[in-house]
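This is what each chain is made of:
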Amino acid sequence: QVQLVESGGGLVQPGGSLRLSCAASGSIFKINTMGWYRQAPGKRRELVASITSNGGTDYADSVKFRFTVSRDNVQNTVSLQMDSLKPEDTAVYYCNLRWYGVEYWGEGTLVTVSS
């Protein structure tokens, strides 16, 4: 069984920064993709950023040049550095881990961007 535990959400003012972290534990295939999705009220869950085990990254257009995804393959962690936050970034952020059709989700952490 794989478990994902997120941390780092909270309330931040527009223009501020937050860092989300996710730790994965259990039987994890070494070749995988870790990432972050988000879901705002009344909207569909969407990809924010992902990173493969060899370092390839993918970002939603709305967060490019503001968010940075990184990972530690030894510790099985993935982080999301979020800078220049906007009110429209407000959402529940979910950690995701997947490989070859297998997918796991964290429980989510709330990020609120408001003055």
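Since the structure is predicted, the reported quantities are computational estimates derived from the model, not experimental observations.

Caption draft 1: Just the overall build of the chain, in detail. If you tally the helices and strands in the chain, you get 0 helices and 11 strands. The globule rule puts the C-alpha radius of gyration for 115 residues at 13 Å, and the 13 Å found for the chain is close to it. Viewed in the frame of its principal axes, the chain has a C-alpha envelope of about 40 × 25 × 25 Å. With 115 residues in all, the chain has 41% of them scored as buried. Partitioning the contacts of the chain with sequence separation of at least 6, the portion at a separation of at least 24 is 53%. The average position of the 11 basic charges and that of the 10 acidic charges among the side chains of the chain differ by 3 Å.

Caption draft 2: Spotlight on the state of the cysteines. Enumeration according to the criterion identifies 1 disulfide in this entry. Sulfur-sulfur distance for the disulfide between Cys-22 and Cys-95 comes to 2.1 Å. Since a negative S-S torsion denotes a left-handed disulfide, the Cys-22-Cys-95 link at about -85° is left-handed. Here Cys-95 lies in strand E9 (residues 91-99) and Cys-22 lies in strand E3 (residues 18-25), a separation of 73 residues in the sequence. Since its relative accessible area comes to 0%, Cys-95 is described here as buried.

Caption draft 3: Broad picture of the side chain of Thr-109. Tracing the chain through its elements places Thr-109 in strand E11 (residues 109-113). Residue classification places Thr-109 among the buried positions, given a relative accessible area of 12%. Among the polar contacts listed, one links the side chain of Thr-109 to the backbone nitrogen of Gly-9, at a separation of 3.3 Å.

Caption draft 4: Layout of the environment of Asn-73. In this structure, Asn-73 sits in the loop between strand E7 (67-72) and strand E8 (77-82). The class for Asn-73 is partly exposed, based on a relative accessible area of 41%. Sequence spacing of Asn-73 and Ser-62 is 11 residues, and the spatial spacing of their C-alpha atoms is 27 Å. Here the side chain of Asn-73 touches Ser-53 through a polar contact of 2.9 Å, landing on its backbone oxygen. There is a polar contact of 2.6 Å between the side chain of Asn-73 and the side chain of Arg-71.

Caption draft 5: Inspection of the sheet that holds E3 at higher detail. Sheet architecture is open: 4 strands sit in the order E1-E3-E8-E7, paired in antiparallel fashion. Of all strands in the sheet, those bounded by a partner on one side alone are strand E1 (3-7) and E7. Each strand of the sheet is rotated relative to its neighbour by a mean of 15°, with strand direction disregarded.

Caption draft 6: Geometry of the pattern of salt bridges. This model, assessed by the stated rule, comprises 4 salt bridges. Residue Lys-64 pairs with Asp-61 through a salt bridge whose shortest N-O separation is 3.2 Å. With a relative accessible area of 64%, Asp-61 lands in the exposed category. In the salt-bridge network here, residues are joined through shared partners; they are Arg-38, Glu-46, Arg-66 and Asp-89.

What counts, and at which threshold
- Residues numbered from 1 in each chain as written.
- Predicted model: local features only at pLDDT ≥ 70, side-chain atom pairs only at ≥ 80, totals over all residues.
- Heavy atoms only, no water.
- Helix = DSSP H or I, 4+ residues; strand = E, 2+ residues; numbered from the N terminus.
- Rg over C-alpha atoms; globule rule 2.2 N^0.38 Å.
- Buried < 20%, exposed > 50% of the residue type's maximum accessible area, 1.4 Å probe, protein only.
- Contact = heavy atoms within 4.5 Å.
- Lys, Arg positive; Asp, Glu negative; His and termini not counted.
- Charge placed at Lys NZ, Arg CZ, Asp CG, Glu CD.
- Disulfide = S-S within 2.5 Å.
- Polar contact = N/O pair within 3.5 Å; in protein donor to acceptor, adjacent residues only side chain to side chain.
- Pairing = 2+ DSSP bridges.
- Axes fitted to C-alpha atoms, helices over the stretch in contact; angles between N-to-C directions.
- Salt bridge = Lys/Arg side-chain N within 4 Å of Asp/Glu carboxyl O.

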